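Overview (structure and organization)
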Amino acid sequence: MANPDDLRYSKEHEWVRVDGSQATIGITSFAAEELGDIVFIELPEVGATLSQFATFGVVESVKAVSDLYSPVSGEVVEVNEALRDTPELLNADAFGEGWIARVELSDTAELDALMDAAAYADETA
Amino acid sequence: MSTELKRTPLHDVHVGLGARLVPFAGYEMPVQYTSIIEEHRTVRSAVGLFDLSHMGEIEVRGEEAVSFLRHGLVSDPGALEVGQAQYSMACNADGGIIDDLIVYRRTTDRYWVVCNASNREAVVSHLEALLERGDFGCSIEDIGDRTALVAPQGPNAAALLAELTDLDLDAIGNYRSADGDVAGVPCLVARTGYTGEDGFELFCDARRAREVWDAVAAAGERHGLRPCGLGARDTLRLEAGMPLYGNELNRETNPFEVNLGRVVKLDKGDFVGRAALSAVQQSGPERKLIGLRMVENAIPRAGYVVRADGADVGHVTSGTLSPTLGDKIAMALVPAGMAGIGNAFEVVVRDRPYRAEQVKLPFYRRPRD
């Protein structure tokens, strides 16, 4: 699936959609496809503080356990509860229904360390 | 040192199907074609097609082949009729498992030993060492490289195969085999497998593997066939409670610990490992392989610590989310005295204990008609 142009991307295959002082984060379609059937996700707690490029959760496919690395720093204000029972949304719609968390950004300057869609497409080519 | 991976004769087929290929036991093998869960369900409900050409085949032939195998393996191949197969193991003198394998009696004095790819050299060495020590009138030959193995597995496997062979498949019962043509290619057609479903393993000349695969795949279109990778093979065998070498089985584990004491025939006469295994049988195994079902929401994985009443007591040998049952399941080795259906354990996942309950093995048993 094409990487949406309005998102920023990390080398660890997470995406960020900025909306004012908040951002929605998730994993890319590329990551979901590489993982295979995702059967479990360990979400961060609301109120947790995330640090850019540090782990903030876990996704598990049938075969493998993988850490999630936050693309931004900030406080978690909402998590996608639907993923607890239907983690397959991460495979089906990674950039939409498969969003993972909303974060109150602590430093918008961090976004400069992320890639745009074209650079991320090169990264995963 | 070269670490170049070997390829099965069906490598091009896998690439053409867009399989994800991974290193496995020195081979480049398909782990999945589309989705492990879909492939798993296909084997439970229709028929899946596996390339298992990496498996090791060793031919033992000669007048004393059977007495040689009785010495080299823990089971009693002397009980086999021509055309019959037997699950067995090779153990070392300490009773540790070198490999688990299947012995096929091909003719009166010709047997095949089919072993795990990762242990092929170990099994060959074990048998060669025994051959040098004893005065056995037989020879052994590693025929793994020239033998391919294509396995249609699932409830539709027999109907599918019947379209491609003149063999009377009804006459080939579970753990039986027969020689015959499949799509014009001479095969050993065995009703064996590692999925918990009905199914066949078709051994043929590696040079003709493509013909067999293509014919089975083409006929399979009417039977809901999908090619299946090693990922589904692993979840299928785990649901069926079948041990995997390297997970449940290794040289530090004996057959009695993993509920396979019935395979060991202590009264057949001398064999490698007999004294050690006899002692284990007398005293009872110290550990026992059990089935666990998670009560709390976490997926158990190989190597995770198992606790009882807050104390570390063992480890998970294999674990997954069961595609058929929807449960999070595991096999684990724990002290034998702690085992009991319904007993409470905890599995430590990322430093946190999650509750689990011991359940009966296998987790899944196929419906029989």
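Since we're looking at a predicted model, the values are computed, not measured. (Residues numbered from 1 in each chain as written. Chains lettered and ligands numbered in written order. Predicted model: local features only at pLDDT ≥ 70, side-chain atom pairs only at ≥ 80, totals over all residues.)

1. Thoughts on the overall build of chain B
Put simply, the rule reads: Numbering of helices and strands runs from the N terminus, with a helix taken as a DSSP run of H or I at least four residues long and a strand as a DSSP run of E at least two residues long. Computation of the radius of gyration draws on C-alpha atoms alone. For the globule rule, the value is 2.2 Å times the number of residues to the power 0.38. Residue burial here comes from a neighbour count, namely the number of other C-beta atoms, placed from the backbone, that lie within 10 Å of the residue's own C-beta, with 20 or more meaning buried, 12 or fewer meaning exposed, and in between meaning partly exposed. The contact criterion used is a C-beta to C-beta distance within 7 Å, with each C-beta placed from the backbone.
A count of helical and extended segments in chain B gives eight helices and 19 strands. Relative to the globule expectation of 21 Å for 369 residues, the C-alpha radius of gyration of chain B, 21 Å, shows essentially globular dimensions. Its C-alpha atoms give chain B principal-axis dimensions of about 60 × 50 × 50 Å. Sorting the 369 residues of chain B into buried and exposed places 48% on the buried side. For chain B, the share of sequence-separated contacts (at least 6 apart) that also reach a separation of at least 24 residues comes to 66%.

2. A closer look at helix H4 (residues 120-133) of chain B
Since the α-helix advances by 3.6 residues per turn, residues separated by three or four positions end up pointing in the same direction. Residue and element names in this part refer to chain B. To keep it simple, the criterion reads: Multiplying 1.5 Å by the residue count of a helix minus one yields the expected span of that helix. In this context, the arc is that of the directions from the helix axis out to the C-beta atoms.
The end-to-end C-alpha distance of H4, which contains 14 residues, comes to 20 Å, matching closely the 20 Å that a straight helix rising 1.5 Å per residue would cover. Within the span of H4, buried status applies to Arg 120, Val 123, His 126 and Leu 127. For H4, the angular spread of buried residues about the axis comes to 135 degrees, placing them on one side. With respect to the buried face of H4, the exposed residues turned more than 90 degrees away are Ser 125, Ala 129, Glu 132 and Arg 133. On its buried side, H4 packs onto strand S4 (56-61), helix H3 (65-72), strand S5 (85-91), strand S6 (97-107), strand S7 (110-115) and strand S8 (139-142).

3. Overview of the sheet that holds strand S12 (residues 201-205) of chain B
The strands that make up a sheet pair up through hydrogen bonds in the backbone, lying either parallel or antiparallel. Residue and element names in this part refer to chain B. We count it as follows: One bridge is not enough; two strands pair if DSSP finds at least two bridges between them. Lines are fitted to the C-alpha atoms to define the axes, a helix being fitted only along its stretch in contact, and any angle between axes, read from their N-to-C directions, falls within 0 to 180 degrees.
Taken in spatial order, the six strands of this open sheet run S10-S11-S12-S9-S3-S13, and their pairing is mixed. This sheet does not close on itself; its edge strands, each paired only once, are strand S10 (177-182) and strand S13 (225-227). The sheet shows a mean angle of 25 degrees between the axes of neighbouring strands, direction not considered. Across four bridges, strand S3 (residues 47-51) lies against strand S9 (residues 147-153) in antiparallel orientation. Residue pairing in the sheet places Gly 48 in a bridge with Gln 153 of S9. Here helix H2 (residues 36-45) sits on the sheet and contacts S3, S9 and S13; the angle it forms with S3, its principal contact strand, is near 115 degrees.

4. A closer look at helix H7 (residues 230-239) of chain B
All names here are of chain B. Among the 10 residues of H7, nine are classified as buried, and the element is accordingly described as predominantly covered. Three or more residues of H7 are buried, namely Leu 230, Gly 231, Ala 232, Arg 233, Asp 234, Thr 235, Leu 236, Leu 238 and Glu 239. Looking at the buried residues of H7, the elements they touch are strand S1 (20-24), strand S2 (27-32), H2, S3, strand S16 (311-321) and strand S17 (328-335). Just downstream of H7, Gly 241 is the residue with a positive phi angle, here 70 degrees.

5. With respect to unusual backbone geometry
In this model, Leu 361 of chain B is joined to Pro 362 of chain B through a cis peptide bond whose omega is -5 degrees. Positionally, Pro 362 of chain B belongs in the segment after strand S19 (352-359). Despite not being glycine, Phe 53 of chain A shows a phi value in the positive range, around 70 degrees. Position of Phe 53 of chain A relative to the elements: it lies in the loop between strand S5 (49-50) and strand S6 (55-61). When the 16 C-beta atoms within 10 Å are taken as the criterion, Phe 53 of chain A is described as partly exposed. Here the phi dihedral of Ala 183 of chain B falls at roughly 55 degrees; this positive angle occurs in a residue that is not glycine. Along the chain, the position of Ala 183 of chain B falls in the loop between S10 and strand S11 (185-190).

6. Brief notes about the packing of H3 of chain B against H4 of chain B
The angle between the axes and the distance between the axes are what describe a pair of packed helices. Residue and element names in this part refer to chain B. Which entries qualify depends on this criterion: Crossings are assigned a handedness: left-handed for a near helix turned anticlockwise from the far helix by less than a right angle, right-handed for a clockwise turn.
The N-to-C vectors of H3 and H4 enclose an angle of 115 degrees; their axes lie 10 Å apart at closest approach. Seen from above, H3 lies across H4 with right-handed handedness. Contacts between H3 and H4 involve Phe 68, His 71 and Gly 72 from the first element and His 126, Leu 127, Leu 130 and Leu 131 from the second.

7. A short note on the packing of H2 of chain B against H7 of chain B
Residue and element names in this part refer to chain B. For the record, the criterion: Roughly parallel covers angles under 35 degrees, roughly antiparallel covers those over 145, roughly perpendicular covers 65 to 115, and oblique covers all other angles. Side-chain classes are defined by residue name, with Ala, Val, Leu, Ile, Met, Phe, Trp, Tyr, Cys and Pro counting as nonpolar, Asp, Glu, Lys and Arg as charged, and the others, Gly among them, as polar.
The geometry of H2 relative to H7 is characterised by a closest axis approach of 8 Å and an angle of 55 degrees between their N-to-C directions. As summarised for this structure, H2 and H7 are arranged oblique, according to the angle between their axes. With respect to the hand of their crossing, H2 and H7 are arranged in right-handed fashion. Here Ile 36, Glu 39, His 40 and Val 43 of H2 lie close against H7, whose contacting residues are Gly 231, Ala 232, Thr 235 and Leu 236. For the contact of H2 with H7, the residue count by class is four nonpolar, three polar and one charged.

In short, shape yes, function no, at least from these values alone.
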